[in-house]
Amino acid sequence: MRSLVQETSLTTNDLVMPLFVMEGKNKKEAISSMPGIFRRSLDLTVLECKELFSLGVKAVNLYMKVADNLKDNTGKEAWNANGLMQNTIKAIKDAVPEMVIMPDVALDPYSEFGHDGILKNGKIDNDLTNNALAKMSLSLAEVGADILAPSDMMDG
(Lines give C-alpha, C1' and ligand atoms only; values in the text may rest on other atoms or scores of the structure.)
Protein backbone atom coordinates (compact mmCIF):
# COMPACT_ATOMS: atom_id res chain seq x y z
CA MET A 1 0.00 0.00 0.00
CA ARG A 2 2.78 2.47 0.91
CA SER A 3 4.63 1.95 -2.37
CA LEU A 4 1.40 2.51 -4.23
CA VAL A 5 0.70 5.91 -2.67
CA GLN A 6 4.13 7.26 -1.88
CA GLU A 7 5.10 10.53 -3.50
CA THR A 8 8.86 10.09 -3.49
CA SER A 9 11.18 7.16 -3.57
CA LEU A 10 14.81 7.51 -2.52
CA THR A 11 17.51 5.35 -4.09
CA THR A 12 21.28 5.50 -4.37
CA ASN A 13 20.68 7.27 -7.69
CA ASP A 14 19.57 10.29 -5.63
CA LEU A 15 22.69 10.47 -3.45
CA VAL A 16 25.78 12.66 -3.77
CA MET A 17 28.72 11.93 -1.46
CA PRO A 18 30.85 14.90 -0.39
CA LEU A 19 34.55 14.02 -0.50
CA PHE A 20 37.32 16.05 1.08
CA VAL A 21 40.75 15.79 -0.52
CA MET A 22 44.25 16.71 0.66
CA GLU A 23 47.78 16.40 -0.70
CA GLY A 24 49.91 13.35 0.00
CA LYS A 25 49.72 9.60 -0.40
CA ASN A 26 47.91 7.05 1.72
CA LYS A 27 46.66 9.77 4.10
CA LYS A 28 43.35 9.80 5.89
CA GLU A 29 42.38 12.15 8.69
CA ALA A 30 39.14 12.61 10.54
CA ILE A 31 37.27 15.90 10.24
CA SER A 32 36.32 16.57 13.86
CA SER A 33 33.32 18.76 13.04
CA MET A 34 31.81 15.97 10.89
CA PRO A 35 31.92 12.64 12.74
CA GLY A 36 32.52 9.71 10.39
CA ILE A 37 33.77 11.95 7.59
CA PHE A 38 37.41 12.00 6.53
CA ARG A 39 39.82 14.03 4.47
CA ARG A 40 41.77 11.70 2.17
CA SER A 41 44.75 11.92 -0.15
CA LEU A 42 44.03 11.60 -3.86
CA ASP A 43 44.92 7.88 -4.00
CA LEU A 44 42.53 7.03 -1.16
CA THR A 45 39.86 9.29 -2.67
CA VAL A 46 39.99 7.25 -5.87
CA LEU A 47 39.58 4.04 -3.85
CA GLU A 48 36.64 5.61 -2.01
CA CYS A 49 35.03 6.49 -5.35
CA LYS A 50 35.40 2.92 -6.58
CA GLU A 51 33.74 1.63 -3.42
CA LEU A 52 30.95 4.21 -3.57
CA PHE A 53 30.21 3.38 -7.19
CA SER A 54 30.11 -0.35 -6.39
CA LEU A 55 27.51 0.47 -3.70
CA GLY A 56 25.37 2.40 -6.19
CA VAL A 57 26.41 5.96 -5.28
CA LYS A 58 27.13 7.51 -8.65
CA ALA A 59 27.96 11.13 -7.78
CA VAL A 60 30.53 12.93 -5.65
CA ASN A 61 30.98 16.54 -4.60
CA LEU A 62 34.66 17.47 -4.19
CA TYR A 63 36.26 19.86 -1.68
CA MET A 64 39.99 20.53 -1.45
CA LYS A 65 42.36 21.32 1.38
CA VAL A 66 44.96 23.49 -0.32
CA ALA A 67 48.49 23.76 1.03
CA ASP A 68 49.19 27.16 2.60
CA ASN A 69 52.13 27.83 0.28
CA LEU A 70 49.76 27.67 -2.73
CA LYS A 71 47.33 30.26 -1.36
CA ASP A 72 47.34 33.92 -2.37
CA ASN A 73 44.89 36.80 -2.76
CA THR A 74 43.93 35.85 -6.33
CA GLY A 75 43.20 32.16 -5.74
CA LYS A 76 45.13 31.32 -8.92
CA GLU A 77 45.75 27.75 -7.74
CA ALA A 78 42.02 27.19 -8.32
CA TRP A 79 42.58 27.10 -12.10
CA ASN A 80 46.00 25.42 -12.11
CA ALA A 81 45.71 22.69 -14.76
CA ASN A 82 47.85 20.47 -12.51
CA GLY A 83 46.26 21.52 -9.23
CA LEU A 84 44.90 19.12 -6.63
CA MET A 85 41.27 19.57 -7.73
CA GLN A 86 42.08 19.08 -11.40
CA ASN A 87 44.27 16.03 -10.71
CA THR A 88 41.57 14.56 -8.47
CA ILE A 89 38.92 14.92 -11.16
CA LYS A 90 41.19 13.33 -13.78
CA ALA A 91 42.11 10.43 -11.47
CA ILE A 92 38.49 9.69 -10.57
CA LYS A 93 37.42 9.83 -14.23
CA ASP A 94 40.27 7.46 -15.16
CA ALA A 95 39.29 4.98 -12.42
CA VAL A 96 35.49 5.32 -12.54
CA PRO A 97 34.51 7.01 -15.83
CA GLU A 98 30.78 6.85 -15.06
CA MET A 99 31.11 8.68 -11.73
CA VAL A 100 29.40 12.08 -11.82
CA ILE A 101 31.83 14.64 -10.43
CA MET A 102 30.62 17.92 -8.93
CA PRO A 103 33.58 20.03 -7.81
CA ASP A 104 33.12 22.93 -5.42
CA VAL A 105 33.59 26.27 -7.18
CA ALA A 106 34.79 28.70 -4.54
CA LEU A 107 37.96 30.67 -3.87
CA ASP A 108 38.11 30.38 -0.07
CA PRO A 109 40.24 27.19 -0.04
CA TYR A 110 42.75 28.96 -2.32
CA SER A 111 42.77 32.35 -0.56
CA GLU A 112 45.44 33.38 1.89
CA PHE A 113 42.67 35.26 3.71
CA GLY A 114 40.19 32.36 3.67
CA HIS A 115 37.65 34.56 1.92
CA ASP A 116 35.61 33.80 -1.18
CA GLY A 117 36.51 37.14 -2.76
CA ILE A 118 39.63 38.86 -4.07
CA LEU A 119 40.67 41.88 -2.05
CA LYS A 120 41.66 45.09 -3.78
CA ASN A 121 42.47 48.19 -1.74
CA GLY A 122 40.96 46.56 1.34
CA LYS A 123 37.62 45.77 -0.33
CA ILE A 124 36.21 42.76 -2.15
CA ASP A 125 36.39 43.24 -5.90
CA ASN A 126 33.42 41.36 -7.36
CA ASP A 127 34.56 41.74 -10.98
CA LEU A 128 38.00 40.28 -10.28
CA THR A 129 36.41 37.53 -8.21
CA ASN A 130 33.88 36.61 -10.89
CA ASN A 131 36.67 36.48 -13.50
CA ALA A 132 38.66 34.15 -11.23
CA LEU A 133 35.60 31.93 -10.70
CA ALA A 134 35.08 31.76 -14.47
CA LYS A 135 38.70 30.65 -14.94
CA MET A 136 38.27 28.04 -12.23
CA SER A 137 35.02 26.78 -13.75
CA LEU A 138 36.55 26.42 -17.22
CA SER A 139 39.56 24.62 -15.78
CA LEU A 140 37.34 22.13 -13.95
CA ALA A 141 35.16 21.53 -17.01
CA GLU A 142 38.24 20.95 -19.16
CA VAL A 143 39.46 18.10 -16.94
CA GLY A 144 36.11 16.33 -16.82
CA ALA A 145 33.81 17.88 -14.21
CA ASP A 146 30.22 16.97 -14.99
CA ILE A 147 28.39 19.55 -12.88
CA LEU A 148 29.82 22.64 -11.22
CA ALA A 149 28.80 23.23 -7.61
CA PRO A 150 29.08 27.00 -7.12
CA SER A 151 29.33 27.82 -3.44
CA ASP A 152 31.41 30.99 -3.61
CA MET A 153 29.48 33.63 -1.70
CA MET A 154 29.87 36.71 -3.88
CA ASP A 155 27.48 39.17 -5.40
CA GLY A 156 26.68 38.46 -9.05
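Notes on the structure in this doc start here. These numbers were taken from a predicted model, which means no experiment stands behind them. (Residues numbered from 1 in each chain as written. Predicted model: local features only at pLDDT ≥ 70, side-chain atom pairs only at ≥ 80, totals over all residues. Heavy atoms only, no water.)

Okay, unusual backbone geometry next. Residues other than glycine seldom take positive phi values, yet Asn 26 does so here, at roughly 55 degrees. Among the structural elements, Asn 26 can be located in the loop between β1 (17-22) and β2 (28-30). Even without being glycine, Asn 121 reaches a positive phi, approximately 55 degrees. Mapped onto the fold, Asn 121 is located in the loop between β6 (119-120) and β7 (123-124). (Helix = DSSP H or I, 4+ residues; strand = E, 2+ residues; numbered from the N terminus.)

This next bit is on the nonpolar core. Counting residues in hydrophobic clusters, the biggest one holds 28 residues, and the most contacted among them are Val 60, Leu 62, Met 64, Ile 89 and Met 99. Of all the elements in the fold, those that place two or more residues in this core are β1, α2 (42-54), β4 (59-64), α3 (84-95), β5 (100-105) and α4 (126-142). Residue contacts for Val 60: discarding those within four places in its chain leaves Val 16, Met 17, Leu 19, Cys 49, Leu 52, Met 99, Val 100, Ile 101 and Met 102. (Core = buried A, V, L, I, M, F, W, Y, C linked by side-chain atoms within 4.5 Å. Buried < 20%, exposed > 50% of the residue type's maximum accessible area, 1.4 Å probe, protein only. Contact = heavy atoms within 4.5 Å.)

If you walk through the whole model with that rule in mind, you get 1 cavity of 30 Å³ or more. Together, Glu 23, Lys 65, Val 66, Ala 67, Leu 70, Glu 77, Gly 83, Leu 84, Met 85, Gln 86 and Tyr 110 line the largest cavity. Of the residues assigned to the lining of the largest cavity, the class counts are 6 nonpolar, 2 polar and 3 charged. (1 Å grid on protein atoms, 1.4 Å probe; cavity = no way out; pocket = protein on both sides within 12 Å on 5 of 7 lines; lining within 4 Å. Points joined across faces, edges and corners; volume = space filled by probe spheres on them. Nonpolar A, V, L, I, M, F, W, Y, C, P; charged D, E, K, R; others polar.)

This brings us to the pattern of salt bridges. Counted under the stated rule, the structure contains 6 salt bridges. Asp 72 is paired through a salt bridge with Lys 76; the nearest N and O atoms lie 3.2 Å apart. Salt bridges sharing partners connect three or more residues here, namely Glu 29, Arg 39 and Lys 65. (Salt bridge = Lys/Arg side-chain N within 4 Å of Asp/Glu carboxyl O.)

The subject of this paragraph is a nonpolar patch on the surface. A cluster of nonpolar side chains, contributed by Met 1, Leu 4 and Val 5, occupies part of the molecular surface with about 400 Å² of accessible area. Following the sequence through the fold, Met 1 ends up in the segment before α1 (2-5). You can call Met 1 exposed: its relative accessible area is 75%. (Patch = residues over 30% accessible without salt bridge, like charges linked within 9 Å, V, L, I, M, F, W, Y side chains within 5 Å. Areas by Shrake-Rupley, 256 points an atom, 1.4 Å probe, with all protein chains shown as cover.)

Here we come to the side chain of Asp 152. Among the secondary structure elements, Asp 152 is positioned in the segment after β8 (149-150). Side-chain polar atoms of Asp 152 contact the backbone nitrogen of Leu 107, separated by 2.8 Å. Setting aside its immediate chain neighbours within four residues, Asp 152 contacts Val 105, Ala 106, Leu 107, Asp 116, Thr 129 and Leu 133. (Polar contact = N/O pair within 3.5 Å; in protein donor to acceptor, adjacent residues only side chain to side chain.)

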